[in-house]
Amino acid sequence: MAKTNPGRFFEDYAVGQVLHHAVPRTVTTGERALYHALYPARHALYSSDAFAQASGLPQSPVDDLAAFHVVFGKTVPDVSLNAVANLGYAEGRWLKPVYPGDTLRSVSEVIGVKQNSNGKTGVVWVRTKGLNQRDEVVLDYVRWVMVRKSNLDTPAPETVVPDLKHALSIDDLTIPQGLDFSDYDFALAGEPHRWGDYEVGETIDHVDGVTVEEAEHMLATRLWQNTAKVHFDLTFRPEGRLIYGGHVISMARALSFNGLANAQMIVGLNGGAHANPCFAGDTIKAWSEVLDKAETGVPGVGALRLRLVATKGGAPFELRGPDGKYKADVLLDLDYWALIPI
C-alpha cells in the first residue's frame, strides 16, 4: 500500500464529505514578527498590546489574515494539492480574535461539485472552519477551486452549486467582545480619518508598491504549511512558480494602510477573485473603493465594506475592460468588511 499522499482529484470529492485536516498549529508571537517582516503591515491594533488594551482587547491579536492563512494552509493537502487554480471566496467571517498561544486546526465540508465541459477538470466548493484549542470557531469561509481529474473516464457527478450570499450584512458580522473605539488614539494609529470621513463610492489610491521576490513568497507559503505544487515545483508549472494568492491578499491589505490606517479589523469576507496569476518580479500595487458603510451598535465602532484591488503596476481604478473581463494587470478583487472608529 502506498504511504504517500498524491492528493485528491476531482472524482474523489462528493457533496457532504467532511475533511478533518492534519497538523494543528500553535500560533506564537513569532508569527506576528515574521508576518510583519514579509509585509509592510502597520495597523496599530496588531502591532501594540497597549493600543489593543486601550481598545478593549486583552492583548494584540494575531493579524486577521495571518490567522486566515494558518487555517487555509491546513486545507491544501486535502482540497487543493492538485488544483489548477483557487477561484474565489464567499461568506467569510472572523468570529473570534486569535491570540499568541492559541492552537488552530481546520475542518472542511464539501458543499458543491461541478465538472467542467472539457471533462478534464471540475470545480469543488468547500466550507472551512478554523477552530481553536477550546473548539471555538474563530473563522469560517467558503472557497472554490478548479481541480484536475485523474481518471478522465470517471462519469461526471451530479452538479451541485451552493447558493451563496452576494455579500454579508452588518447583522452577519461578529464584533469582538470588549472592543471599544470610544477613546481611540488617532495619532498613534497613524491617520486622522474616521468612519464619517469615508463616502460610499469613494476610491483611494494606496500609492505604494512592492516587487515580489521568489524567496519571500516561498517563505510565506511554507510558513502556513501550504503544500500546493504550483507554488514550489517548476516541473509542475514550467512557466513559473505561481505566487500564493494569500500572499497577494496580505500584501495588498498591508499597502492599504496608506489611506485606510484606521480600518483596523477584518470581520467579513464577502467575495474574492484571483483575477490573473502573479509571478516573481511582478510589482503589486493596490487601490480601494468604499462599497458600503454601517454602524455596529458597539461604542465607537463603525464598519466599512471595501473593495480591495491589487494590480501588477497598473493604473488605479481600472478593473474591467470593455468586454466585462478583468484587465490583464488586475491580480485580485477582494470584497471585505473592516471595523473602523466612528
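Refer to the structure above for everything that follows.
Keep in mind the model is a prediction, meaning the values are calculated, not measured. (Residues numbered from 1 in each chain as written. Predicted model: local features only at pLDDT ≥ 70, side-chain atom pairs only at ≥ 80, totals over all residues. Heavy atoms only, no water.)

Sorry, what's going on with the nonpolar core here?
As a rule of thumb, nonpolar side chains are buried together in soluble globular proteins. By size, the foremost hydrophobic cluster in this structure holds 57 residues, and its most contacted members are Ile284 and Tyr336. Here the element with the most residues in this core is helix α3 (residues 64–79); it accounts for eight residues. Those residues within four positions of Ile284 in sequence are excluded, and the remaining contacts are Asp208, Gly209, Val210, Val212, Val248, Met251, Leu255, Cys278, Ala310, Thr311 and Leu331. Counting 22 residues, the second largest nonpolar core, distinct from the first, contains Leu45, Ala52, Phe186 and Met265. (Core = buried A, V, L, I, M, F, W, Y, C linked by side-chain atoms within 4.5 Å. Buried < 20%, exposed > 50% of the residue type's maximum accessible area, 1.4 Å probe, protein only. Helix = DSSP H or I, 4+ residues; strand = E, 2+ residues; numbered from the N terminus. Contact = heavy atoms within 4.5 Å.)

What should I look at first to understand the pairing of strand β8 (residues 265–274) in this one?
For a regular strand, side-chain orientation follows a simple rule: the groups alternate between the two sheet faces. Of all 10 residues in β8, nine are buried, a share of seventy percent or more. For strand β3 (residues 83–94) and β8, the ladder comprises five bridges, and the chain directions are antiparallel. Among the inter-strand pairings, Arg93 is bridged to a residue of β8, identified as Gly268. (Pairing = 2+ DSSP bridges.)

Sorry if this is basic, but what is going on with unusual backbone geometry here?
A negative phi angle characterises most non-glycine residues, just as the trans form characterises most peptide bonds. Look at Val23: it is not a glycine, yet its phi comes out positive at around 65°. Checked against the element boundaries, Val23 lands in the loop between β1 (18–20) and β2 (25–26). Taking relative accessible area as the criterion, Val23 reaches 48% and is therefore assigned partly exposed. The phi dihedral of Glu91 falls on the positive side, at around 50°, and the residue is not glycine.

Sorry, what's going on with the packing of aromatic side chains here?
Note on aromatic pairs: each is described by the distance of the centres and the angle between the planes. With the rule as written, the count across this model stands at 13 aromatic pairs. Seen in terms of ring centroids, Trp224 and Tyr244 are 6.4 Å apart; in terms of plane orientation they differ by 55°. Their pairing is tilted. Pair noted here: Trp224 is in the loop between α5 (214–223) and α6 (245–255) and Tyr244 is in the loop between α5 and α6, with a separation of 20 residues, a long-range link. Taken individually, Trp224 and Tyr244 each receive the classification buried, so the pair is uniform in this respect. Between Trp287 and Phe317, the aromatic rings sit 5.4 Å apart at their centres with planes inclined by 75°, giving edge-to-face as the arrangement. Taken together, the residues span a long stretch of sequence, with Trp287 in strand β9 (residues 283–295) and Phe317 in the loop between β10 (301–311) and β11 (330–341) at a distance of 30 residues. Residue classification places Phe317 among the partly exposed residues on the basis of a relative accessible area of 39%. Members of the aromatic cluster, joined through ring pairs, are Tyr35, Tyr39, Phe68, Phe72, Tyr89, Trp94, Tyr141, Trp224 and Tyr244. One residue, Lys293, lies across the ring of Trp195, its end atom 4.3 Å from the ring centre. (Phe/Tyr/Trp six-rings, centres within 6.5 Å; stacked < 30°, edge-to-face > 60°. Lys NZ or Arg CZ within 6 Å of the ring centre and 35° of its normal.)

Is there a simple way to think about the side chain of Asn262 in this case?
Tracing the chain through its elements places Asn262 in the loop between α7 (257–260) and β8. For Asn262, a relative accessible area of 0% translates into the label buried. Apart from the residues lying within four places of it in its own chain, the contact partners of Asn262 are Tyr184, Phe186, Ala189, Glu191, Pro192, His193, Leu339, Ile340 and Pro341.

Explanation requested: the pattern of salt bridges in the structure shown.
Side chains that carry opposite charge are capable of pairing whenever their charged atoms lie near each other. One pass over the full model with this rule turns up 13 salt bridges. The salt bridge partner of Asp78 is Arg8, with a shortest N-O separation of 3.2 Å. One end of the pair, Asp78, is in helix α3; the other, Arg8, is in the segment before β1, with 70 residues separating them in the sequence. What makes Asp78 buried here is its relative accessible area of 17%. Accessibility expressed as a relative area gives 28% for Arg8, which makes it partly exposed. Its salt-bridge partner being Glu31, residue Arg25 comes within 2.8 Å of it at the nearest N-O pair. Of the two residues examined, Arg25 and Glu31, each falls in the buried class. Overlapping salt bridges, with partners in common, bring together Glu289, Arg307 and Asp333 in one network. (Salt bridge = Lys/Arg side-chain N within 4 Å of Asp/Glu carboxyl O.)

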